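# Fold and contact review
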Amino acid sequence: MIVQTKSVRFDSISLDGGSTVAPVDVAYQSYGVLNAARSNAILVSHAFSGDAHAAGISPETGKPGWWDNMIGPGKAFDTNKYFVLCSNVLGGCRGTTGPSSVNPATGKPYAMSFPIITIGDMVRLQKMLVEHLGIQRLLAATGGSMGGMQALEWAVAYPGMVASAIPIATTARHSAQQIAFDEVGRQAVMADPDWAGGDYYDKNPPARGLSVARMVGHITYMSDDSMREKFGRRLRNRDEFGSDFEAEFEVESYLRYRGSQFVYRFDANSYLYITKAMDYFDLANGCASLAQALERATARFLVISFTSDWLYPSYQSQEIVNALRSRNKDVAYCELNSNYGHDAFLVDVGEQTEMVRGFLARVAREEGVL
Amino acid sequence: MTLEKPRRGFVREVLGRSDYAIISELIEPNTKVLDLGCGDGDLLAWLAENKNVEGRGIEISSARVQRAIARGVSVYQGDIDQGLADYPDQAFDYVILSQTLQETRQPLKVLSDILRAGRRAIVAFPNFGHWRVRLAHLASGRSPRTALFPHEWYSSPNIHFLTVLDFEELARRENWTIERRIFLAGHRELSVLPNLLAEVAVFLIRK
């Protein structure tokens, strides 16, 4: 199924930081059919480096979407039943306004003059899109990793608009370790002379810095087991050590390849802004506790974590679940067995599919959506 | 499945279990129920369907939690020895502990937590005072193995062995009110000598 990315422009958006961005474009894709009552919509939010292309085949690249194994006819997010929507985040570089977009006031890319954005801002823009499409209430808000943060933010910021939330492999706030990894990535970008204070749009982008940042990221997405399975200590195209600092281990070659590919599809300044938004995110912000923050939520929750995910470990999901239980909210939780580390929510989807399907069927039944 | 009045003294089954039949009779419709050690969510799904109960479950096995969630039951993967603390006071009309008390590490703490989180508790357990258990122990001189307690001592999930009398005494000591007590032998409901004849005891208690 070939899917087109659509785009809608809004006059402006006000941000948590007090400033506004005007105008603002949102790139999105949708799958399935919105029913007459507009009650079968599911919003999928992408993770840090994702985009609006969540499912189907892109006409430009010929590649399937990042959650194509979860979204489609008969899949977990069954497009025979539901209308599934995914948009590129504010601050992104895949069609939605971000630092690489042209600032109409200057005629040049915003670069580092782009205002600081938050997960709350991303969700506010999603809400504008959802309302633009005539949807009053989402059947579910879901996503993994940073997408899960957005699902949580939806449940707390707009409780009347979400019947359920499915945050996967995520957290209500970054730990010091998560902030640390993000900071290494940012420093790798900023240490590249080509970054040039963010003003590189008419020159060479900071490809080396961004590539190193992505290499670090990829390590955190895998697990010790999955790396051992996938690469071990195998050498690539040679039998002995070359002592020449080329990419001789397969794992080195893999990381270099992933890093080098990333720079073609991702903007270095977006990397800085979006990682910062994740680091700033704290669902309990302004509240005495996480439980108090979740007090407002009325959605039914399905929380999923994975045993080998050390980037977003299960204890962070359990914090969310325990806070919900302490307010007597409707929450289901399971820690799934997987060797795939943080990537599990993208690649190891068999058990996740069964749970999401059953959970959604119940929510749809209780909401009177057929 | 409809709830017709069973023959006197005869307990029909719900989902193949006579203790489930008793439990489902004790629970009023349109209530909020927490099932501890809920397995695949069989009972909760049945209660939702037949009594419009709003159900939640706690289960430790990931595979069972997955199956429960896949059928639309809100189950939380966790340990009931610890998992109850987070619920607010009187969050549920009933908390069910079916055939699990003897497997908990701290039964008294679990029972106290249950009676805090729930207005009422329904506790079902296999009676270690049953005559077959007594006889098996006396005759063999080994850890008793019966149909009710089929496990070898080294692989048994049961770590506390209690009888009907033990439970009644604890309830007295803790000042719990026993609202109903039902004793089962096979599919028969007993009215005499429960500590000797009951295979399974079901208590409806409150603080």
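One structure accompanies this document, and this report is about it. (Residues numbered from 1 in each chain as written. Chains lettered and ligands numbered in written order. Predicted model: local features only at pLDDT ≥ 70, side-chain atom pairs only at ≥ 80, totals over all residues. Heavy atoms only, no water.)

### Quick word on the packing of helix α3 (residues 176–191) of chain A against helix α7 (residues 268–280) of chain A
Residue and element names in this part refer to chain A. Where α3 meets α7, the axes come as close as 10 Å, and the angle between the chain directions of the two elements is 160 degrees. Our classification of the angle between α3 and α7 gives roughly antiparallel. Our pair here, α3 against α7, has a crossing hand that is left-handed. Packed against α3, whose contacting residues are Q178, I179, D182, G185, R186, V189 and M190, the element α7 presents A268, Y271, L272, T275, K276, M278 and D279 at the interface. Of the residues that constitute the contact of α3 with α7, the class distribution is seven nonpolar, three polar and four charged. (Axes fitted to C-alpha atoms, helices over the stretch in contact; angles between N-to-C directions. Helix = DSSP H or I, 4+ residues; strand = E, 2+ residues; numbered from the N terminus. Parallel < 35°, antiparallel > 145°, perpendicular 65-115°, else oblique. Left-handed = near helix turned anticlockwise from the far one by under 90°. Contact = heavy atoms within 4.5 Å. Nonpolar A, V, L, I, M, F, W, Y, C, P; charged D, E, K, R; others polar.)

### Digging into the pairing of strand β13 (residues 300–306) of chain A
All names here are of chain A. Counting buried positions along β13 yields seven of seven residues, so the element is predominantly enclosed. Here β13 shows a buried face lined by R300, L302, I304 and F306 and a second buried face lined by F301, V303 and S305. Pairing geometry for strand β12 (residues 164–168) and β13, over three bridges, is parallel. Across the sheet, I168 pairs through a bridge with I304, a residue of β13. Of the pairings in the sheet, the one linking β13 to strand β14 (residues 331–336) comprises six bridges and is parallel in character. The residue bridging F301 from the neighbouring strand is V331, located in β14. Following the chain from β13 across helix α9 (residues 314–326) to the adjacent parallel β14, one finds a crossover that is right-handed. (Buried < 20%, exposed > 50% of the residue type's maximum accessible area, 1.4 Å probe, protein only. Pairing = 2+ DSSP bridges. Right-handed = clockwise from strand over helix to strand, strands pointing away.)

### Some thoughts on the packing of helix α4 (residues 207–221) of chain A against helix α6 (residues 250–265) of chain A
Packed helices, taken two at a time, are described by their axes: the angle between them and the distance between them. Residue and element names in this part refer to chain A. Contact pair α4 / α6: the axes reach a minimum separation of 8 Å and the direction vectors enclose 125 degrees. The orientation of α4 with respect to α6, classified from their angle, is oblique. As α4 runs across α6, the sense of the crossing is right-handed. Residue-level contacts link A207, L210, S211, R214, M215, H218 and I219 of α4 to Y254, L255, R256, R258, G259, S260, F262, V263 and R265 of α6.

### Overview of the pattern of salt bridges
Residue and element names in this part refer to chain A. Under the defined criterion, the tally for this structure stands at 38 salt bridges over all chains. When the shortest N-O distance is used, the salt bridge between D16 and R124 registers 2.5 Å. Of this pair, D16 sits in the loop between β2 (13–14) and β3 (20–21) while R124 is found in helix α1 (residues 119–132), placing the two residues 108 residues apart along the sequence. For R124, a relative accessible area of 23% translates into the label partly exposed. Where R300 meets E366, a salt bridge forms, and the shortest distance between an N and an O atom there is 2.7 Å. Of this pair, R300 sits in strand β13 while E366 sits in helix α11 (residues 350–367), placing them 66 residues apart in sequence. The class for E366 is partly exposed, based on a relative accessible area of 44%. (Salt bridge = Lys/Arg side-chain N within 4 Å of Asp/Glu carboxyl O.)

### Comments concerning the interface of chain A and chain B
Facing the 20 residues of chain A at the interface are 20 residues of chain B. On the chain A side of the contact with chain B, A:R325, A:N328 and A:Y333 bury the most area, a combined 38% of that side's loss. On the surface where chain A and chain B come into contact, there are two salt bridges. The salt bridge involving A:D330 is made with B:R56; its shortest N-O contact spans 3.9 Å. Taken together, the elements giving at least two residues each to the side of chain A that touches chain B come down to α9, β14 and α11 of chain A. Considering only residue class, the side of chain A that touches chain B consists of nine nonpolar, four polar and seven charged. (Buried area = accessible area lost by both parts, 1.4 Å probe.)

### Brief notes about unusual backbone geometry
Here the bond from A:A22 into A:P23 is cis, since omega is -10 degrees, no more than 30 degrees from zero. On the secondary structure map, A:P23 appears in the loop between β3 and β4 (24–31). In this model, B:N30 sits at a positive phi of 60 degrees, which is unusual for a non-glycine residue. The phi dihedral of B:L193 falls on the positive side, at around 45 degrees, and the residue is not glycine. The residue B:L193 is located in the loop between β7 (188–190) and α8 (194–197) in this model.

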